[in-house]
Amino acid sequence: MTNSILVVEDDQRLSQFIVTELKLEGYEVATADDGMEALEKVREFPPDLIILDWMLPRISGLDVCLRLRKTGIKIPIILLTARDEIPDRVLGLNSGADDYLTKPFSIEELLARINARLRSSQVNDTSEILQFADLKLNLLTREVFRSKDSIELTAKEFDLLEYLLRHPRQVLSRNQIIENVWDFDFMGESNIIEVYIRALRLKLEVNQSPRLIHTVRGVGYVLKDSPS
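Within each chain, residue numbers correspond to sequence positions counted from 1 in written order. Note on the predicted model: pLDDT of at least 70 is required for a residue's local features to be given, and 80 or more for side-chain atom pairs to be given and counted; whole-chain, interface and lining totals, by contrast, use all residues. Excluded from the side-chain calculation are hydrogens and water; included are all heavy atoms of the structure.

Student: Even after reading the chapter, I still don't get the domain arrangement of the protein, so can you show me in this structure?
Tutor: Frequently, the measure chosen for interface size is the accessible area removed from exposure when the parts meet. The domains assigned to the protein are domain 1 (4-120) and domain 2 (129-223). An automatic or database domain assignment is the source of the domain bounds shown. If you average the C-alpha positions of domain 1 and of domain 2, the two centres end up 23 Å apart. Working rule for contacts: check all heavy atoms of both residues, and any pair within 4.5 Å makes them a contact. On the side of domain 2, 17 residues touch domain 1, which itself brings 17 residues to the contact. What gets called buried area is simply the loss in accessible area from a 1.4 Å probe that two parts show on being joined, summed for both. Between domain 1 and domain 2 the total buried area reaches about 1,500 Å² when both faces are included, carbon and sulfur atoms providing 57% of it. What counts as a salt bridge is simple: a side-chain nitrogen of Lys or Arg found within 4 Å of a carboxyl oxygen of Asp or Glu. Linking domain 1 with domain 2 are one salt bridge, by the criterion used here. For helices the rule is a DSSP run of H or I covering at least 4 residues; for strands it is a run of E covering at least 2, with both sets numbered from the N terminus onward. Breaking the side of domain 1 that touches domain 2 down by element, the ones donating at least two residues are α4 (86-94), β5 (99-102) and α5 (107-122). It is α5 that provides the largest number of residues to the side of domain 1 that touches domain 2, a total of seven residues. As a working rule, the residues Ala, Val, Leu, Ile, Met, Phe, Trp, Tyr, Cys and Pro are called nonpolar, Asp, Glu, Lys and Arg charged, and the rest polar, with Gly in that last group. In terms of residue class, the side of domain 1 that touches domain 2 is made up of seven nonpolar, three polar and seven charged.

Below is the structure:
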């Protein structure tokens, strides 16, 4: 089965470049030039994945992301933007984007991220429930609770939390997290793991809940009740 991708980008040269490369990879591709058109196309012909520019006419990519998630649409979204500061990345991820790519980017990296997101979204959920302390994750319904509070996570935040919950009290290196959550070798100068960890902490520590995800400096991260 051929996967379909919606490219939402108002820069025509960049849009055409991405479309050409995706078609060469065998994807079915549709395009939209602004946020309103993107919402219309998603509702009429839902794609398997969306490549979404942040800065768009009429409605920004961030607002498109928020609107889709509020209506229950869980299509994987890769956000494209020239904004590369950590607060911007956190804002993008918290809006519901599953991944974040800053411009300029290599087409090889974009293709790798697309492949990883599509593989992740096609894995069948099981009825297993993962729990640590007062944190509970349901793989079947993809619901997350901290005590009795429901926590809304993006798809990638969910994947990261699942991996941490499967290895409680174990210090996990950046390499381990990249290999098991992102499914491809993506190291370089990226701080994407730090961005996602921060986003998870912001959501899991509401109402002054104790921190569960701790940093082990120079090594990685660990899920445990309290710092040593």
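Student: Honestly, the sheet that holds strand β7 (residues 135-138) in this entry has me stumped. Any pointers?
Tutor: Sheet strands pair via backbone hydrogen bonds, and the direction of the pair is either parallel or antiparallel. Whether two strands pair depends on DSSP finding at least two bridges between them. Taken together, the four strands give an open sheet; going across it, the order is β6-β7-β8-β9, and neighbouring strands pair in antiparallel fashion. The sheet terminates laterally at β6 (129-132) and β9 (149-151), the two strands that pair on one side only. Strand-to-strand twist in this sheet, taken as the mean axis angle between neighbours without regard to direction, amounts to 20°. One ladder, built from four bridges, connects β6 with β7; its direction is antiparallel. By the bridge assignment for β7, F132 is matched with L135. Axis definition: a line fitted to C-alpha atoms, over the contacting stretch in the case of helices. Angles run 0 to 180 degrees between N-to-C directions. Of the strands in this sheet, β6, β7 and β8 (143-146) are in contact with helix α6 (residues 155-166), which crosses β7 at around 115°.

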